[in-house]
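The primary structure of each chain is shown beneath.
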Amino acid sequence: MNPDLVRDPLPIPEHPVTPYLRMERIPHVWCPGCGIGTVVKCFASALERTGVDLEKVSVVSGIGCSGRTAGYLRLDGFHTTHGRAIPFATGLKLGRPELLVSVVSGDGDLVGIGGNHFIHAARRNLDLLVILINNFIYGMTGGQNAPTTPLMARSSTMPFGNFEPPFNLPHLAASSGAPYVARWTCLHIRRLTWAIEEAIQRKGFRFIEVIAPCPTLYSRLNKLGTGLSGMRFYHDKAEIRHGADTREVAIGFQEPIICGKFVDEERPTFNELMDSHYGKVLGEKYVPMPAEGGYLHG
Amino acid sequence: MKADPAGVLTGAHYLDGDFACGEGAMAAGCRFVAGYPITPSTEVVERISRRFPTMGGTFIQMEDELASMAAVVGGSWTGTKSMTVTSGPGFSLMMENIGLAAMMETPCVVVNVQRGGPSTGLPTMVGQADMMQARWGSHGDYEVIALSPQSPQEAFDLTVEAFNLSEIYRVPVMFMMDECVGHMTERVVIPEADEIEVVPRRLTEQSKEEFLPYRLNGHLVPEFARAGDGYRFHTTGLTHDERGYPLMSADCQEACVHRLVDKIRGAGDDLTHIEEDGTDDAEVVVISYGITARVARMAITMARERGVPTGSVRLIVVWPFPERVITELAGRVAGFVVPELNYGQISLEVERLAAGRCPVWHVGHGGGTVHDPEAILEKILEAAKVAA
Ligand SMILES: Cc1ncc(C[n+]2csc(CCOP(=O)(O)OP(=O)(O)O)c2C)c(N)n1
Ligand code: SF4
Ligand SMILES: [Mg+2]
């Protein structure tokens, strides 16, 4: 080949979110076309946009494909037990109140096995940012039925179609007391990023449901095509309705997905209630937990 | 270092074991407690929830014991010393996250005020049947430390020790009280704060660039970084390498899990804490713990009055077991008598160490009341007769 024609390759610019990721762990475990990586990217972009002090951000995950998220973000990351990400995160927040504590995990993890913790954390308005990746199925274990599987959708344990009514998660969160509730899909990259950015700046129990394709299991079992077909479906069937009544946003099998910000209110958080209450009844005697943690931390 | 005076209620008090345990935790520097009410343990958190707001501590009543234990593991990763309190049914629910604490090497204390089991069993009455569960209750191989107090005074003193050991070894420490000790009221002397030695978290001094959460630094127990100190570390309940990253291989499993076991088994005599009495020339040795040790004392006195040289080993740290002491005694005594409020748990460990060199008599029942000292005496005399 004529050496004059050989040019230096174009420099490949660093992806803007690589400083937020544990690049030494890439390639990640997720399948081609899986939606989880998109959520990780949006989360990282949102951190970048808010400019929060990354040293003070913790991310907690439970177990599942989505639960691997904590392992790829370059933050204090905790990959805990199945269903217990929220109570673990509760310990982090109460043990060191200055932390920005986030939870990123799956539908089975957060509202199946961990459902009790979810409603109680919302009720207490604990200062947690909870991102739930809903792929309508238990991905990690091979596509079993989830409490989010739409009626009639197939899963490996409902091979003839699901007959159990699923949760309507925004409604579950809102009626349990969450002051911030939103839903987006993996197609809505910018809106999801903005929602996470906004939620980082709010306080209390902030809940974002992200509808994500699982081409390997959910789509295959239901003959819905590839990850790309999933995105096309979101494109055709997602409907943005900010402020929608959460009673009306339940998801049916291959039915329209209502997206948007449904709740954005201000309510005192657990820590605020505790401080104001003890301040009132105990006066001078009240000594709150120091922002940087309890006694004896060196 | 010395205790924080804010948490130390110096003076002589009349306290039950549950309250004394709560005072011990506060004196040890515990500032985060998550729990769920259950008899006969609830007074521990009632005490703490009343006193914590004046010393910068936070108590939260969680929705269940799974949540309580998970919250305690999270709390401890901030460097704030953390504890939960329960009894049998709640202890069972905590097991998975006790395993998480062991795997992530999280210092924390789990108090179990034992009642009769299995299942809901005897909520208000004594038992000692969770001793094996304390050691083996979560799945997989790991080691923990377990202590057993015999009095409210020890409930205070040993709770401080439990926290200190959890910091040194980075393990969950099981504080195995029983309903009798928990609900018995006695004089408890709480020293001045500067007379109470507390072990602080061993925080790493390595730079943020060089620190790896599970790299050893001349010590079987790695150094700690708190969430929020800028180390931006990762930890997981999966088998992991020294970076705290999951690594699914037999080699990594060997490196990761073997050390969890070794750091306790290898501690040997450092973790032996027993009270020995009259074992030098004993023919029969009674091995006991908790409330049963106090009942056994009467049987031992009666046996001595009948001319049987009877010794006593009281287990204070029950796990790891004082193997060297028991093995050595097995070579020179005629028999061991092991009274406990169960159908045979610690007695099995004694049998293992006696290894056929001397007989072991278990004296037990399912709980609900303490032993009749006569029942223990009977076995001591039987052991002595066999020897004669
Ligand atoms: C106590 C316990 N039960 C069951 C499992 C097995 N398990 C692992 S992941 C999972 C389901 C995860 O589903 P989801 O949270 O929806 O995550 P996805 O993989 O779909 O992202 C289950 C049941 C476990 N790890 N622990
Ligand atoms: S199984 Fe489904 S959820 Fe899991 S990585 Fe693959 S596509 Fe994603
Ligand atoms: Mg799922």
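Refer to the structure printed above.
Everything numeric in this text was worked out from a predicted model, so none of it was measured. (Residues numbered from 1 in each chain as written. Chains lettered and ligands numbered in written order. Predicted model: local features only at pLDDT ≥ 70, side-chain atom pairs only at ≥ 80, totals over all residues.)

(A) Spotlight on the overall build of chain B. Looking only at helices and strands, chain B has 12 helices and 16 strands in total. For chain B, whose C-alpha radius of gyration is 21 Å, the value lies close to the compact-globule estimate of 21 Å for 388 residues. Overall size of chain B, expressed as C-alpha extent along the three principal axes, is 70 × 50 × 40 Å. In chain B, which comprises 388 residues, the proportion classed as buried is 58%. (Helix = DSSP H or I, 4+ residues; strand = E, 2+ residues; numbered from the N terminus. Rg over C-alpha atoms; globule rule 2.2 N^0.38 Å. Buried ≥ 20, exposed ≤ 12 C-beta atoms within 10 Å, placed from the backbone.)

(B) Fine view of the overall build of chain A. Within chain A, the secondary structure is distributed over nine helices and eight strands. Computed over its C-alpha atoms, the radius of gyration of chain A comes to 21 Å, within 12% of the 19 Å expected for a compact globule of 298 residues. With the C-alpha coordinates of chain A rotated into their principal frame, the extents come out at 80 × 60 × 35 Å. By the burial criterion, 55% of the 298 residues in chain A qualify as buried. Of the contacts made within chain A by residues no fewer than 6 positions apart, 68% connect residues no fewer than 24 positions apart. (Contact = placed C-beta atoms within 7 Å.)

(C) Geometry of the site of ligand 1. Residue and element names in this part refer to chain A. In the vicinity of ligand 1 there are 17 residues, among which G64, G106, G108, D109 and G139 approach most closely. Counting residues per element, the shell around ligand 1 draws most heavily on helix α3 (residues 107-113), at three residues. By residue class, the composition of the shell around ligand 1 is seven nonpolar, eight polar and two charged. (Near = placed C-beta within 6 Å. Nonpolar A, V, L, I, M, F, W, Y, C, P; charged D, E, K, R; others polar.)

(D) Here's a closer look at the interface of chain B and chain A. Between chain B and chain A, the residue contacts involve 49 residues of the former and 43 residues of the latter. Among the elements that line the side of chain B that touches chain A, the one with the most residues is helix α3 (residues 65-76) of chain B, at eight residues. The residue inventory of the side of chain B that touches chain A, partitioned by class, reads 22 nonpolar, 18 polar and nine charged. Both strand β2 (residues 76-79) of chain A and strand β10 (residues 234-236) of chain B contribute to a ladder of three bridges, which runs parallel. Among the inter-strand pairings, F78(A) is bridged to a residue of β10(B), identified as T235(B). (Pairing = 2+ DSSP bridges.)

(E) Representation of unusual backbone geometry within the structure. In this chain, I26(A) is followed by P27(A) through a cis amide linkage whose omega measures 10°. Considering the arrangement of structural elements, one finds P27(A) in the segment before α1 (36-50). Within the chain, N125(A) stands out as a residue other than glycine whose phi angle is a positive 55°. Looking at the secondary structure, you find N125(A) in the loop between α4 (115-124) and β4 (128-134). Look at R232(B): it is not a glycine, yet its phi comes out positive at around 45°. Relative to the helices and strands, R232(B) resides in the loop between β9 (185-190) and β10.

(F) Spatial organisation of the packing of α3(B) against helix α4 (residues 88-104) of chain B. Residue and element names in this part refer to chain B. Two numbers describe how α3 lies on α4: the axes approach to 7 Å, and their chain directions differ by 20°. Classed by the angle they form, the pair α3 and α4 counts as roughly parallel. Crossing angle aside, the handedness with which α3 passes α4 is right-handed. Between α3 and α4, the contacting residues are E65, L66, S68, M69, A70 and V73 on the first element and G90, L93, M94, N97, I98, L100, A101 and M104 on the second. Looking at side-chain class alone, the contact of α3 with α4 contains 10 nonpolar, three polar and one charged residues. (Axes fitted to C-alpha atoms, helices over the stretch in contact; angles between N-to-C directions. Parallel < 35°, antiparallel > 145°, perpendicular 65-115°, else oblique. Left-handed = near helix turned anticlockwise from the far one by under 90°.)

(G) Molecular detail of the sheet that holds β4(A). With mixed pairing, the nine strands of this open sheet are ordered in space as β7(A)-β8(A)-β5(A)-β6(A)-β4(A)-β3(A)-β1(A)-β2(A)-β10(B). Either end of the sheet is taken by a strand with one partner, and the two such strands are β7 (238-240) of chain A together with β10 of chain B. Pairwise comparison of adjacent strand axes, ignoring direction, gives a mean angle of 20° for this sheet. Across the sheet, α1(A) lies against β1 (57-61), β3 (100-106), β4 and β6 (206-211) of chain A, angled at about 155° from β4(A), the strand it touches most.

(H) Region of the structure containing helix α9 (residues 270-282) of chain A. Residue and element names in this part refer to chain A. The end-to-end C-alpha distance of α9 is 17 Å, a good match for the 18 Å that 13 residues give at a rise of 1.5 Å each. Residues of α9 that are buried: F270, N271 and M274. All buried residues of α9 fall inside an arc of 95° around its axis, so they share one side. Of the residues in α9, the exposed ones pointing more than 90 degrees away from the buried face are S276 and K280. The elements touched by buried residues of α9 are α4. (Expected span 1.5 Å × (residues − 1). Arc of directions from axis to C-beta.)

(I) How the structure looks around α1(A). Residues and elements named next belong to chain A. Compared with the 21 Å implied by 1.5 Å per residue over 15 residues, the 21 Å span of α1 between its first and last C-alpha is a close match. Turning to α1, its buried residues are I36, T38, V39, V40, C42, F43, A44, S45, A46 and L47. The inward-facing, buried residues of α1 abut β1, β3, β4, α6 (189-201) and β6. Phi for G51, located one or two positions after α1, is positive at around 65°.

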